[in-house]
Every structure is written in C-alpha cells, then in structure tokens.
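Single-letter residue listing:
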Amino acid sequence: MATIAIYGAGQLGTTVAQLLGDVPHHKVLGVFGRNDRERALSSGADLVIIATTTKFKDVAADIELAVSSGSHVLVSSEECAYPWAVDKALADSLDSLAKSKGVSIAGTGVNPGLIFDSLVLTLLGAAPRGCTVAVRRTVNISGFGATVLRRLGMGFTPEVFAERVKREEILGHAGFPQSMTVVADAMGITIDSIDKELLPLITDKEIDLPNRFVIAAGESAGVNQTYTAKVNGKAWFVSHFYGHVDLAGINKSAQDEIELSLDGKVFQTITLKPGINSQIGSKNMVANSIQRILAAPHGWVTVAHMEPAFPEVSR
C-alpha cells in the first residue's frame, strides 16, 4: 500500500483524489488546500502530489519540504517536466536532495508529459535517425476554471493581450521548451535556441463561460502559439498549440497530431481524433503515475527515465 498526500485543492487535485480513492491498496491523505500546506508536505507520505500552479519557482519550496520529509514527489507544474530549462542551479539542488533522501521527483501530465515528449520519443524509436518533429494540438479549453483561462489569455483585447504576454502574465499553454528539451536530452541533441510566438484568437461574438466570466466581442477566446527549437541553425522540433473555448463555433475539432519528417519529406504522421481532453487526460496521467514514480531512479527524473503510465486495477 502507498500513502499519498495531495496538495492542491483545485480541479486537478480533487479529481485525482477521487480516482485514487477507488484503488483500495492506496491510502489518500487530503485533498489539502494552501492553509494546510505543512500537513500535506510534511506528512511523510510515500508520495506527495503537488497540483497547484505552473512555474517551477512557485513550487520549488513545496517540493523541497516534501522531499526533506522523505516523500517522493509528483508535480503537475508544466515547468517541472524539465526544470533545468528554467533554473539549473535550483534543479540540481533539488535533484541532489532527492538522491540523498532516496526518493524521486517528476513532473507529469499530458502536455508536457505525454503528447509532446513521451509519444514523440516512442515514435522516434521506430523511425530512421535524423527525423525532424512537428506536433500540433487543437484543444477545447472551455473546461478550465477562470484562473487558468485568464493565464491562458482569455478575455483580453489584442492590445492588453500583447502587454500581458510581455509581462509574462499571459503564458498561453506552458511547458513546450520543457518537452522539447526532454526529447533532446534523451537523444543527446543540443538545442541552439527556441523561438516562440503567442497570438490571441479574437472572437467576433460574445461568449458566456458559465460561473466564470463573459468574453466580449473583440476579445481573445483562444490562443495560437508556436515554439520552434533549432539545432545547427535549422528547425528541428516545432510545437503548435491552438486552444479555443468554442471550437465548434469556429468549425474546428479537437485533435492531436505528431508528424515526423526525413530530409524534408513527411515520413510518418499519427493523428488522435478527438484529441486527448485536457482535464480527463491530466487527471488520469497523474493518477496513473503512482507506480512509475515509486519505481523511478532516485533524484529528479523526466518521462524519458520512467516506465509508461498505465491504470492500476482495483485489488
């Protein structure tokens, strides 16, 4: 039996707790909100799941406390898929701490965690060497709460959107540099630079998001973002995310697509229709990662170092 403490009482933490509560050989502690931070992180549980926010710097102290208390850590923060891309010194410090405590840390989720990294590496395993990669997601983001939607960039005029992007108050969907670097690091590739573009998708009609807010005509109802990783001056990995709160209203459907090209020609394309739902996919990826983090090498690991996630049957 594994004892699991869940820190983060939002949508993700709550739904993960419900899923794990159906597996009788796990004992779930929580869900703990921010007022119960010490109880959650210092519990000494076999595993602490941290499901709070996006940026590595905002969860680093939480991870340190949980690891210092002897717990493995799974964290949903997108930047934690490969924290060295954000703060190498801090990532190295937590990696060393986890090794000294005999535990493991990993970021997990769908994006990053699956579509832009795990699936890419798996497909590259059956492809010729030298392939370039393009991953494209079209996602219905209407299921997110108000806080996440604002961070994604919903409900702003083009001018305000651009200003908030500059101030890093609008991130769009985070984690693309982390996914790209996970793949590059596993393959022994060095990325020269990563170019990014984050644009608003402006609606021409009012869109009411019940119990959250109303997006007025002329404001952003979606994001169109592209990250391009270059190797030796050429595009090696292109990540594209198109998220909208009303895909049906603009005649688009959710789907995920991975395309591998060789010598400038498409070698292979895999398409998932409909695409993996953000809420369903994320909660299941976290809930289904218990055994693989417990079995992972000690230290901070990426999805390239762990076995695949899969459901545990009730025993």
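Along each chain, residue indices are assigned from 1 in the same order as the chain's sequence is written. Local features in this predicted model are restricted to residues whose pLDDT is 70 or higher, and side-chain atom pairs enter the listing and the counts only when it is 80 or higher, whereas totals over whole chains, interfaces and linings include all residues. Here the side-chain values reflect all heavy atoms present in the structure, with hydrogen atoms and water set aside.

Draft legend 1. Layout of unusual backbone geometry. A cis amide bond links Asn 111 to the next residue, Pro 112, at an omega of 0°. Residue Pro 274 is bonded to the preceding Lys 273 through a cis peptide linkage, with omega at -15°. By the criteria applied, helices consist of DSSP H or I runs no shorter than four residues and strands consist of E runs no shorter than two, each listed in order from the N terminus. Considering the arrangement of structural elements, one finds Pro 274 in the loop between β13 (265-272) and α9 (278-287). In this model, Asn 211 sits at a positive phi of 65°, which is unusual for a non-glycine residue. Mapped onto the elements, Asn 211 comes out in the loop between β8 (207-209) and β9 (213-215). The buried label applies to any residue whose accessible area, calculated with a 1.4 Å probe on protein chains only, is under 20% of its type's maximum; exposed applies above 50%, and partly exposed to all values in between. For Asn 211, a relative accessible area of 84% puts it in the exposed group.

Draft legend 2. View of the environment of Arg 37. With respect to the helices and strands, the residue Arg 37 is situated in helix α2 (residues 37-41). You can call Arg 37 partly exposed: its relative accessible area is 23%. Residues Arg 37 and Val 160 lie 123 residues apart in sequence; the distance between their C-alpha atoms is 34 Å. Any two residues having at least one pair of non-hydrogen atoms within 4.5 Å are treated as being in contact. Aside from chain neighbours lying at most four places away, what touches Arg 37 is Tyr 7, Ala 61, Asp 62 and Leu 65. A distance of 3.2 Å separates a polar atom in the side chain of Arg 37 from a polar atom in the side chain of Glu 38. Residues adjacent in sequence count toward polar contacts only when both atoms are side-chain atoms; beyond that, a polar contact is any pair of N or O atoms within 3.5 Å, and within protein one must be able to donate a hydrogen and the other to accept it.

Draft legend 3. Representation of helix α8 (residues 176-187) in the model. Helix span is expected to be 1.5 Å times the residue number reduced by one. Given a rise of 1.5 Å per residue, twelve residues ought to cover 16 Å, and the 17 Å separating the end C-alpha atoms of α8 matches this to within 8%. Of the residues making up α8, those classed as buried are Phe 176, Gln 178, Ser 179, Met 180, Thr 181, Val 182, Val 183 and Ala 184. Tucked inside the fold, the buried residues of α8 contact α5 (118-124), β7 (193-202), β10 (220-231) and β11 (234-244).

Draft legend 4. Up close: the pattern of salt bridges. Put simply, a salt bridge is a Lys or Arg side-chain nitrogen that is within 4 Å of an Asp or Glu carboxyl oxygen. Counting across every chain of the model gives 15 salt bridges. In this structure, Asp 36 engages Arg 39 in a salt bridge whose closest nitrogen and oxygen atoms are separated by 3.7 Å. Overall, Asp 36 belongs to the partly exposed group, its relative accessible area being 28%. Accessibility expressed as a relative area gives 54% for Arg 39, which makes it exposed. Among the ionic pairs, Lys 88 bridges to Asp 92, the shortest N-O distance being 2.7 Å. Remark: Asp 92 and Lys 88 occur in helix α4 (residues 88-101); sequence separation between them is four residues, near one turn of the helix. Put simply, Glu 163, Arg 164, Arg 167 and Glu 169 are held in one network by salt bridges that share partners.

Draft legend 5. Spotlight on the side chain of His 173. As for its position among the elements, His 173 is in the loop between α7 (158-166) and α8. Given a relative accessible area of 9%, His 173 falls into the buried group. Looking at His 173, its side chain comes within polar contact range of the main-chain oxygen of Asn 111, at 2.7 Å. If we skip the residues at most four places from it in the chain, His 173 touches Asn 111, Leu 152, Gln 225 and Phe 241.

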